[in-house]
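Architecture and fold: a report
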Amino acid sequence: VVSPYNVHRLVLTATVIATKFLDDSVYKNSHYAYVGGITQIEEMNRLEREMLAILQYDLSCTVEEFLYMERRLFIDPMSAILEG
C-alpha cells in the first residue's frame, strides 16, 4: 500500500530502475539509497528486485501506452499515478 510515509521509496526505486535502463553510466545502489534516505543497502536492493519482478522485467511500453499515460498525467496527475 502506497502512503505518504513510503511513496518516496516507490519514486526512488522507479527512478533508479529507469536510470539504469536508460543511462550507460550510473551510481551504485548505495549512493541512491543514501540520497533517498534509505539506511540499509539491502532494502534498496530488495526494492529494486521486487519492482522488477512486479514489472516482469519488462521496462518497455508501446507508443500508445506512453501517449495514454502522458495525456492522463496532464489531466489528473494523481489519478494517473495511483490508478496506473
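Everything discussed here concerns the structure shown above.
Parameters at a glance
Numbering of residues starts from 1 in every chain and runs along the sequence as written. Totals for whole chains, interfaces and linings use all residues, but because this is a predicted model, local features are given only for residues with pLDDT of at least 70 and pairs of side-chain atoms are given and counted only at 80 or more. The side-chain quantities take in all heavy atoms of the structure and omit both hydrogens and water. Only DSSP runs of H or I with at least four residues qualify as helices, and only runs of E with at least two residues qualify as strands; both kinds are numbered from the N terminus onward. It only takes one pair of heavy atoms within 4.5 Å for two residues to be counted as in contact. The definitions used throughout rest on a 1 Å grid laid over the protein atoms alone, on which a cavity is an enclosed set of points accommodating a 1.4 Å probe that cannot get out and a pocket is an open set flanked by protein within 12 Å on both sides along at least five of seven lines; lining residues are those having an atom within 4 Å of a point. Grid points are joined across faces, edges and corners, and a volume is the space filled by probe spheres set on the points. Under the scheme applied here, ten amino acids are nonpolar (Ala, Val, Leu, Ile, Met, Phe, Trp, Tyr, Cys and Pro), four are charged (Asp, Glu, Lys and Arg), and all others, including Gly, are polar. In this analysis, rings of Phe, Tyr and Trp, with Trp reduced to its six-membered ring, are considered paired at centre separations within 6.5 Å, and the interplanar angle assigns stacked below 30 degrees, edge-to-face beyond 60, and tilted for intermediate values. Whether a residue is buried, partly exposed or exposed follows from its accessible area with a 1.4 Å probe, protein chains only, as a fraction of its type maximum: under 20%, in between, or over 50%, in that order. Working rule for helices: expected span equals 1.5 Å times residues minus one.

A few words now on the side chain of Glu43. Among the structural elements, Glu43 can be located in helix H3 (residues 41-54). In this structure, Glu43 is in contact with Arg9 and Ile38, ignoring residues within four places of it in sequence.

One water molecule sets the probe size; rolling that probe over the atoms shows where empty space is left. Volume-wise, the second largest pocket comes out at about 260 Å³. Every residue along the wall of the second largest pocket is listed here: Val1, Val2, Asn6, Arg9, Leu10, Thr13, Arg46, Leu47, Glu50, Met51, Ile54 and Leu55. Of all elements in the fold, only helix H1 (7-22) and H3 reach the threshold of two or more residues within the lining of the second largest pocket. Residue contributions to the lining of the second largest pocket peak at five residues, all from H3. Here the residues of the lining of the second largest pocket sort into seven nonpolar, two polar and three charged.

The next thing to look at is the packing of aromatic side chains. Under the defined criterion, the tally for this structure stands at one aromatic pair. Residues Tyr27 and Tyr32 carry aromatic rings whose centres are separated by 6.1 Å and whose planes lie at 80 degrees to one another, so their mutual orientation is edge-to-face. We classify Tyr27 as exposed; its relative accessible area is 54%. Judged by its relative accessible area of 11%, Tyr32 is buried.

With 16 residues, H1 should cover 22 Å at 1.5 Å per step; its first-to-last C-alpha distance of 22 Å lies within 8% of that length. Lining the buried residues of H1 we find helix H2 (29-35) and H3.

For Gln56, which is not a glycine, the phi torsion comes out positive at approximately 55 degrees. Along the chain, the position of Gln56 falls in the loop between H3 and helix H4 (63-75). With a relative accessible area of 67%, Gln56 lands in the exposed category. The backbone of Tyr57 sits at a positive phi, close to 55 degrees, despite the residue not being glycine. Its location among the elements puts Tyr57 in the loop between H3 and H4.

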